[in-house]
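In case you want the letters, here they are:
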Amino acid sequence: MSEMTGSRTGGKKPGVLNGQGVLNGQGMLNGQRVLMMLVGILLIGMGVAFYRLSLFGVDSFTCMNLGISGYLGMLFGNWQLIVNVFLLIIVFFTVRHCIGLGTIINMVFVGYLADFLCWAVKALGILAPGLFMRVGFLLLGTLALSLGCALYMEADLGIAPYDSVAFIITKGTREKVAFRTARVMSDLTVVLVGVGFCLAAQGELREIVGLGTVVNALGSGLLIQFFREKIERMAQ
């Protein structure tokens, strides 16, 4: 999720790189917004890690990348970076207004951060968490992802490459396919791809799709909106 911010924009174009104030009067990036973006990405990486550790399933984009990376025997972070670079090239030639500083930092660091946190937890000896701990990881993951996405969105310094896919579909169909429909289409597609590769690799399906995937899809939107409203009030 990732990198899931695009699903909550309601189809509105991000303000990055289109003259809506990413640069301040001195031509420098606003420090407060950069800090919000960095903290947001840190929390998103933590959220992805907690979802993975819960063994209840992950968000749609992570589902695909875990499935394929497991099939190829690659580090999750390495594969996710490869996919993001490929998507970024497409985004650049189609909806480049979605690209900003946050886009680059998100696409490079979220996967590796999640890998590191999963490794760190397992290094502490937590290899097979019980049901209580798994539920705890799921709740922590949902909170971390939602707050992280809220901060990342409020910073408005670009969105992750995958979150631009729905914009590309909408633009490519000349808006015959609505943004929300395009997002559902892309999410379902990547989940099916992830499940297919996971089954081909004879991996643990519960690690990539399950209750956590449903919770993320249905519950994160409300939490993100809640946190965004809190952040906006604090900024006033």
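Residues numbered from 1 in each chain as written. Predicted model: local features only at pLDDT ≥ 70, side-chain atom pairs only at ≥ 80, totals over all residues. Heavy atoms only, no water.

Novice: Can you walk me through the overall build of the protein in this structure?
Specialist: The number of helices and strands found in the protein is eight helices and zero strands. In sequence order, the secondary structure elements of the protein are arranged as α-α-α-α-α-α-α-α. Within the protein, the fraction of its 236 residues that count as buried is 50%. The long-range share in the protein, meaning contacts at least 24 apart out of those at least 6 apart in sequence, stands at 80%. (Helix = DSSP H or I, 4+ residues; strand = E, 2+ residues; numbered from the N terminus. Buried < 20%, exposed > 50% of the residue type's maximum accessible area, 1.4 Å probe, protein only. Contact = heavy atoms within 4.5 Å.)

Novice: Would you mind going over the packing of helix H6 (residues 165-172) against helix H7 (residues 179-200) with me for this structure?
Specialist: Viewed as axis vectors pointing N to C, H6 and H7 meet at an angle of 120 degrees, and their least axial separation amounts to 8 Å. Here H7 runs oblique to H6, going by the angle between their axes. Considering the relative orientation of H6 and H7, their crossing is right-handed. In this structure, H6 contributes Val-165, Ala-166, Phe-167, Ile-169 and Thr-170 to the contact, and H7 contributes Phe-179, Ala-182, Arg-183 and Ser-186. Its residues placed into classes, the contact of H6 with H7 shows six nonpolar, two polar and one charged. (Axes fitted to C-alpha atoms, helices over the stretch in contact; angles between N-to-C directions. Parallel < 35°, antiparallel > 145°, perpendicular 65-115°, else oblique. Left-handed = near helix turned anticlockwise from the far one by under 90°. Nonpolar A, V, L, I, M, F, W, Y, C, P; charged D, E, K, R; others polar.)

Novice: Would you mind going over the packing of aromatic side chains with me for this structure?
Specialist: What characterises a pair of aromatic rings is the spacing of the ring centres plus the angle enclosed by the ring planes. Enumeration according to the criterion identifies seven aromatic pairs in this entry. Plain terms: the ring middles of Tyr-71 and Phe-197 are 5.3 Å apart, the flat faces sit at 75 degrees to each other, and that makes the pair edge-to-face. One end of the pair, Tyr-71, is in helix H2 (residues 60-72); the other, Phe-197, is in helix H7, with 126 residues separating them in the sequence. Note on Phe-197: relative accessible area 29%, which makes it partly exposed. Residues Phe-92 and Phe-93 carry aromatic rings whose centres are separated by 5.2 Å and whose planes lie at 90 degrees to one another, so their mutual orientation is edge-to-face. Stacked on the ring of Phe-56, the Lys or Arg Arg-134 has its end atom at 4.2 Å from the ring centre. (Phe/Tyr/Trp six-rings, centres within 6.5 Å; stacked < 30°, edge-to-face > 60°. Lys NZ or Arg CZ within 6 Å of the ring centre and 35° of its normal.)

Novice: Even after reading the chapter, I still don't get the nonpolar core, so can you show me in this structure?
Specialist: It is characteristic of soluble globular proteins that their nonpolar side chains tend to be buried jointly. Of all hydrophobic cores here, the largest spans 38 residues; its most connected members are Met-37, Ile-41, Ile-44, Val-48 and Leu-53. Examining the composition of this core, we find that eleven residues originate from one element, helix H1 (residues 31-54), more than from any other. Val-91, Ile-159, Val-177 and Ala-182 belong to the second largest nonpolar core, which has twelve residues in total. (Core = buried A, V, L, I, M, F, W, Y, C linked by side-chain atoms within 4.5 Å.)

Novice: Help me out: how do you make sense of H6 in this one?
Specialist: Along an α-helix, residues three or four positions apart point the same way, because every turn accommodates 3.6 residues. All of the buried residues along H6 are Val-165, Ala-166, Phe-167 and Thr-170. The secondary structure elements touched by the buried residues of H6 are helix H3 (76-94) and H7. A positive phi of about 55 degrees marks Arg-174, the residue just after H6.

Novice: Quick question: what am I supposed to make of unusual backbone geometry here?
Specialist: Negative phi characterises most residues that are not glycine, and trans characterises most peptide bonds. One non-glycine residue with positive phi stands out, namely Leu-55, at about 60 degrees. Mapped onto the elements of the fold, Leu-55 is located in the loop between H1 and H2. The buried category is assigned to Leu-55, whose relative accessible area is 15%.

Novice: Is there a simple way to explain a nonpolar patch on the surface in this structure?
Specialist: On the surface, Tyr-71, Leu-72, Met-74 and Ile-82 cluster together to form a nonpolar patch covering roughly 360 Å² of accessible area. Tracing the sequence through the fold places Leu-72 in helix H2. (Patch = residues over 30% accessible without salt bridge, like charges linked within 9 Å, V, L, I, M, F, W, Y side chains within 5 Å. Areas by Shrake-Rupley, 256 points an atom, 1.4 Å probe, with all protein chains shown as cover. Salt bridge = Lys/Arg side-chain N within 4 Å of Asp/Glu carboxyl O.)

Novice: Could you clarify how one ought to interpret the environment of Leu-145 in this entry?
Specialist: Residue position: Leu-145 is located in helix H5 (residues 131-155). For Leu-145, a relative accessible area of 1% corresponds to the buried category. Sequence spacing of Leu-145 and Leu-223 is 78 residues, and the spatial spacing of their C-alpha atoms is 9.4 Å.

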